[in-house]
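# Observations on chain architecture
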Amino acid sequence: MAHAMAMESPRIIADVVEVQEFPHLAQAYQVKAVPKTVINDTFEFTGAATEEQFLIRVLRSVGIEGQEEDPEEVSGETTPVA
Amino acid sequence: MPILQAKDQEAVAERFNVELKRDVSLELYTQRSIGGLYIPGRECRTCVTTQQMMEELAALSPRLRLEVKDYYGDPDEARDKGVEAIPATLIGSGDRYNARFYGLPSGYEFAVLLDSIVAASQSRPSLALESRRLLKQLTQDVHIRVFVTPT
């Protein structure tokens, strides 16, 4: 989803990070379960999101308001990181 | 020994043949192999495998271009592109490399890699019309990091 948005907007860069290969990044971003998404180093959520939810969170991260539930809420299925 | 099995190569080549409408570039930031030796602090467990996977993929379509970059040999270029660690695979078309993988895209992430390559060729929009309209409102840069584990 993040990649699809990056392909659509020149404003977006989307990284997929394999946490077991980069434990220092996992630690820096306090990844305790995956998938975990961090937007602009400040806004984050754990678990899957629909296209609409993801989009609203991206827009909110830059101050464009949308209507949605608490973005910190864990949604979907997550896997704890060992 | 190839990473992609013959039947997988066939399926991926067929998909690329049908769905890649424009050239897509892959830039792989890795390190130059020095006979299996690593400089302490620069160990890279998956660099060799990732490079082999990307070379196998690139061979499956004339629309795919792979450039292999030496992360330590050309640190300025890596910094300009914002590459933070290796192996890093940047997917793009033209001058835009907005979708990136850090690490070996295996398991489910391999499917994401294929989807991202197809999306980069812009054969069809992968987002809904409303999403594309909303994304046009962005006036600031957004950096999304999605942390995953191999599945």
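The structure displayed is predicted, hence computed values, not measured ones.

A word on the pairing of strand β1 (residues 12-18) of chain A. Among the seven residues that make up β1 of chain A, seven are buried, leaving the element largely enclosed by the rest of the structure. Side chains I12, A14, V16 and E18 of chain A of β1 of chain A all project onto a buried face; the interleaved residues I13, D15 and V17 of chain A project onto the opposite face, where all are buried too. Where β1 of chain A and strand β5 (residues 142-148) of chain B come together, seven bridges link them in parallel fashion. In the sheet register, I12 of chain A faces β5 of chain B, and the bridge partner there is V142 of chain B. Here four bridges tie β1 of chain A to strand β4 (residues 96-102) of chain B, and the two strands are oriented parallel to one another. Residue pairing across strands places V16 of chain A opposite F101 of chain B, the latter belonging to β4 of chain B.

With that settled, the discussion passes to the environment of Q137 of chain B. Tracing the backbone through its elements, the reader meets Q137 of chain B in the loop between α5 (129-135) and β5. You can call Q137 of chain B exposed: it has 11 C-beta atoms within 10 Å. Excluding residues that lie within four positions of it along the chain, Q137 of chain B makes contacts with L59 and I64 of chain A.

Turning next to the interface of chain A and chain B. Of the residues lining the interface, 41 residues belong to chain A; the matching set on chain B comes to 37 residues. Contributing elements (two or more residues each) for the side of chain A that touches chain B: α1 (2-8), β1, α2 (23-28), β3 (36-39) and α3 (51-61) of chain A. The class makeup of the residues in the side of chain A that touches chain B is 27 nonpolar, seven polar and seven charged. Both β3 of chain A and β5 of chain B contribute to a ladder of four bridges, which runs antiparallel. Counted as the bridge partner of T37 of chain A is V146 of chain B from β5 of chain B.

So, on to the confidence of the model for chain B. Should pLDDT be low for a region, the predicted coordinates there are not to be read in detail. Summing up the model confidence of chain B, the mean pLDDT is 91 and the portion of residues at 70 or higher is 99%. In the predicted assembly, ipTM is 0.91 and pTM is 0.90.

Another point: the sheet that holds β4 of chain B. Pairing within the open sheet is mixed, and its eight strands lie in the order β4(A)-β3(A)-β5(B)-β1(A)-β4(B)-β3(B)-β1(B)-β2(B). On the outer flanks of this sheet lie β4 (43-46) of chain A together with β2 (64-70) of chain B, each paired with one strand and no other. Neighbour-to-neighbour, the strand axes of this sheet turn through a mean angle of 20 degrees, independent of strand direction. Note that strand β1 (residues 24-30) of chain B and strand β3 (residues 88-93) of chain B share five bridges and pair antiparallel. By the bridge assignment, S25 of chain B is partnered in β3 of chain B with G92 of chain B. Strand contacts of α3 of chain A: β3 and β4 of chain A together with β5 of chain B, with the helix running at about 160 degrees to β4 of chain A, the strand carrying the most contacts.

With that settled, the discussion passes to unusual backbone geometry. The peptide bond linking V34 of chain A to P35 of chain A adopts the cis configuration, its omega dihedral lying at -5 degrees. Summarising the element assignment, P35 of chain A is placed in the loop between β2 (33-34) and β3. The omega torsion across I86 of chain B and P87 of chain B is 0 degrees, close enough to zero to call that bond cis. The backbone of Q30 of chain A sits at a positive phi, close to 50 degrees, despite the residue not being glycine. Its location among the elements puts Q30 of chain A in the loop between α2 and β2.

Residues and elements named next belong to chain B. With twelve residues, helix α2 (residues 47-58) should reach 16 Å at 1.5 Å per residue; the first-to-last C-alpha distance of 16 Å fits that figure. Within α2, the full set of buried residues consists of C47, T50, M53, M54, L57 and A58. The buried residues of α2 occupy an angular sector of 130 degrees when projected down its axis, which confines them to one face. Of the surrounding elements, those touching the buried residues of α2 are β1, β2 and β3.

Residues and elements named next belong to chain B. The topology assignment puts T49 in helix α2. Overall, T49 belongs to the partly exposed group, with 14 C-beta atoms counted inside 10 Å. In this structure, the C-alpha to C-alpha distance between T49 and I144, residues 95 residues apart in sequence, is 25 Å. If sequence neighbours within four positions are ignored, T49 has contacts with I3 and L104.

What counts and how
- Residues numbered from 1 in each chain as written.
- Chains lettered and ligands numbered in written order.
- Predicted model: local features only at pLDDT ≥ 70, side-chain atom pairs only at ≥ 80, totals over all residues.
- Buried ≥ 20, exposed ≤ 12 C-beta atoms within 10 Å, placed from the backbone.
- Helix = DSSP H or I, 4+ residues; strand = E, 2+ residues; numbered from the N terminus.
- Pairing = 2+ DSSP bridges.
- Contact = placed C-beta atoms within 7 Å.
- Nonpolar A, V, L, I, M, F, W, Y, C, P; charged D, E, K, R; others polar.
- pLDDT = per-residue confidence, 0-100.
- Axes fitted to C-alpha atoms, helices over the stretch in contact; angles between N-to-C directions.
- Expected span 1.5 Å × (residues − 1).
- Arc of directions from axis to C-beta.

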